[in-house]
Protein chains: 2
Amino acid sequence: MRADGHRRRQAILREAVTLSTVDGLEGLSIGNLAKALAMSKSGLYAHFGSKEELQLATVDEAARIFRQEVIEPALRAPAGVGQLVAVCDAFVEHLRRRTFPGGCFFAGAVLEMGSRSGPVKEAVAAFQQGLVQQIGEFAGAAIAGGELPVTEDPGQLAFEIMGVILATNAGFVLGGDDGVLDVAGQVVRRRLGVATDGPGRA
Amino acid sequence: MRADGHRRRQAILREAVTLSTVDGLEGLSIGNLAKALAMSKSGLYAHFGSKEELQLATVDEAARIFRQEVIEPALRAPAGVGQLVAVCDAFVEHLRRRTFPGGCFFAGAVLEMGSRSGPVKEAVAAFQQGLVQQIGEFAGAAIAGGELPVTEDPGQLAFEIMGVILATNAGFVLGGDDGVLDVAGQVVRRRLGVATDGPGRA
DNA sequence: CCTACCGATCGGTAGG
DNA sequence: CCTACCGATCGGTAGG
């Protein structure tokens, strides 16, 4: 059945994304992935013709999961500042529920692939640039809607929020505990002039 | 001569740091490093008894270079806000002069080693935590000196500045051009209420 | 999907 | 510092 083949492929890719957040997209090996899935290497080659094809499909699957867990919740929030806060909150929850053992797939992939060339690097770069652009659009809407002063620059604001996201991921991956996760929401709310739901308040 | 041996060791480690910013600390192989230095693998084992020892020495050398190029210039700036701005500017220059092909060594090492265990991860974590603490002390001095309101939190401010640093590195590594490098200074000066030397102004 | 295999490279060692 | 080697694993293929 086609549906079964698709589910099998998706299960493989989910495991590939998971392993990549620990070992990297280059450190991900066909042998390790096969072992984790209790199948043979050549079984994997029936789905992906080469390691590069596997890497590209892994990036696609990681993008799908990130969109589902982080972007889509933000898009459902009220346009403007609400979406800026929501994208940070959704990212924090993405980390908190430990979707992947190595934190955010793309934070790692950007640094691993950034200084390389080829289709995998291009795929990672395209996703990252799309994310920054999406956040910039949220910021633009907040300014256009009068929630933020017209002296704000959407690109700079997107850069700042990307910084909060990356600092949160780095702190979380390194510390392994949820301690850092509350800082992101506090910082971004303070920066945008939104009331903070501090701890100790219901 | 001891001095020659020390220089040789340092040259090896400089190359090891350089290669690590592209291939990672795990992707750094004894064979590749030996080839880059035009020596044999066993020649490297005369300096480092194992790959883990090499990795630890590589982290130490990267820390030395980072302190020299980023921390020390900041320490020479006026205490308080001046040091917060200076640490960002020095980091940007560290990237601009392309010290390493893969950007900031520690930005990559933190994500690569974060979800692992062992002495190499601990060494990377210790450096990163020391850096955040150092920036937090700069922020504390700025608040104590009345340059920033007492409602500011040094830890949150250090987190924000680490975010600016990480977003700058990610953008630079991915884009490969100097375009992002001016944003960091603008964002951090605006955040701290310091006058911006915008482009078009001498 | 499987077993069985290929040459290349991995970290590391023996012996000099 | 060197050559020569070890077993293990790498990405990938042949043949089923």
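Right above here is the structure, for reference.
In this text, all values refer to a predicted model and were calculated from it rather than measured experimentally.

**Q** How should the packing of helix α5 (residues 81–96) of chain A against helix α8 (residues 154–175) of chain A be read in this particular structure?
**A** Two quantities define a packed helix pair, namely the angle between the axes and the distance from one axis to the other. Residues and elements named next belong to chain A. Where α5 contacts α8, the axes come no closer than 11 Å and their chain directions differ by 15°. Taken together, α5 and α8 sit at an angle that is classed as roughly parallel. Once α5 is placed against α8, the crossing between them reads as right-handed. Packed against α5, whose contacting residues are Leu 84, Cys 88, Phe 91, Val 92 and Leu 95, the element α8 presents Leu 157, Ile 161, Ile 165, Thr 168, Asn 169 and Phe 172 at the interface.

**Q** Which parts of the structure should I look at to understand the protein's contact with DNA strand C?
**A** With respect to spatial proximity, 16 residues lie near DNA strand C, and among them Arg 8, Ser 40 and Ser 42 of chain A together with Ser 29 and Lys 51 of chain B are the closest. In DNA strand C, atoms within 4 Å of the protein come from the sugar-phosphate backbone in 49% of cases. Leu 28 of chain B places a main-chain nitrogen or oxygen 3.5 Å from a phosphate oxygen of DNA strand C. Listed by contribution, the elements that provide at least two residues to the surface near DNA strand C are α3 (41–45) of chain A together with α2 (30–36) and α3 (41–45) of chain B. Broken down by element, the residue count for the surface near DNA strand C peaks at three residues, all from α3 of chain B. Looking at the surface near DNA strand C residue by residue, the classes come out as five nonpolar, eight polar and three charged.

**Q** Can you walk me through helix α9 (residues 181–192) of chain A in this structure?
**A** For an α-helix, the turn length of 3.6 residues means that residues three or four places apart are oriented alike. Within α9 of chain A the residues assigned to the buried category are Leu 181, Val 183, Ala 184, Gly 185, Val 187, Val 188, Arg 189 and Leu 192 of chain A. The inward-facing, buried residues of α9 of chain A abut α5 and α8 of chain A together with α8 (154–175) of chain B. Count one or two residues on from α9 of chain A and you reach Gly 193 of chain A, which has phi positive near 75°.

**Q** What is the right way to read the nonpolar core from this model?
**A** A general feature of soluble globular proteins is that nonpolar side chains tend to end up buried together. Ranked by size, the top nonpolar core spans 120 residues in total, and within it Phe 66, Leu 84 and Phe 106 of chain A together with Phe 66, Leu 84 and Phe 106 of chain B carry the most contacts. Look past the residues within four positions of Phe 66 of chain A in its chain and what remains in contact with it is Ile 71, Phe 91, His 94, Cys 104, Phe 106, Phe 127 and Leu 131 of chain A. In this structure, Ala 16, Ile 30, Leu 33 and Leu 44 of chain B belong to the second largest nonpolar core, which totals 14 residues.

Rules of the game
- Residues numbered from 1 in each chain as written.
- Chains lettered and ligands numbered in written order.
- Predicted model: local features only at pLDDT ≥ 70, side-chain atom pairs only at ≥ 80, totals over all residues.
- Heavy atoms only, no water.
- Axes fitted to C-alpha atoms, helices over the stretch in contact; angles between N-to-C directions.
- Helix = DSSP H or I, 4+ residues; strand = E, 2+ residues; numbered from the N terminus.
- Parallel < 35°, antiparallel > 145°, perpendicular 65-115°, else oblique.
- Left-handed = near helix turned anticlockwise from the far one by under 90°.
- Contact = heavy atoms within 4.5 Å.
- Near = heavy atom within 4 Å.
- Polar contact = N/O pair within 3.5 Å; in protein donor to acceptor, adjacent residues only side chain to side chain.
- Nonpolar A, V, L, I, M, F, W, Y, C, P; charged D, E, K, R; others polar.
- Buried < 20%, exposed > 50% of the residue type's maximum accessible area, 1.4 Å probe, protein only.
- Core = buried A, V, L, I, M, F, W, Y, C linked by side-chain atoms within 4.5 Å.

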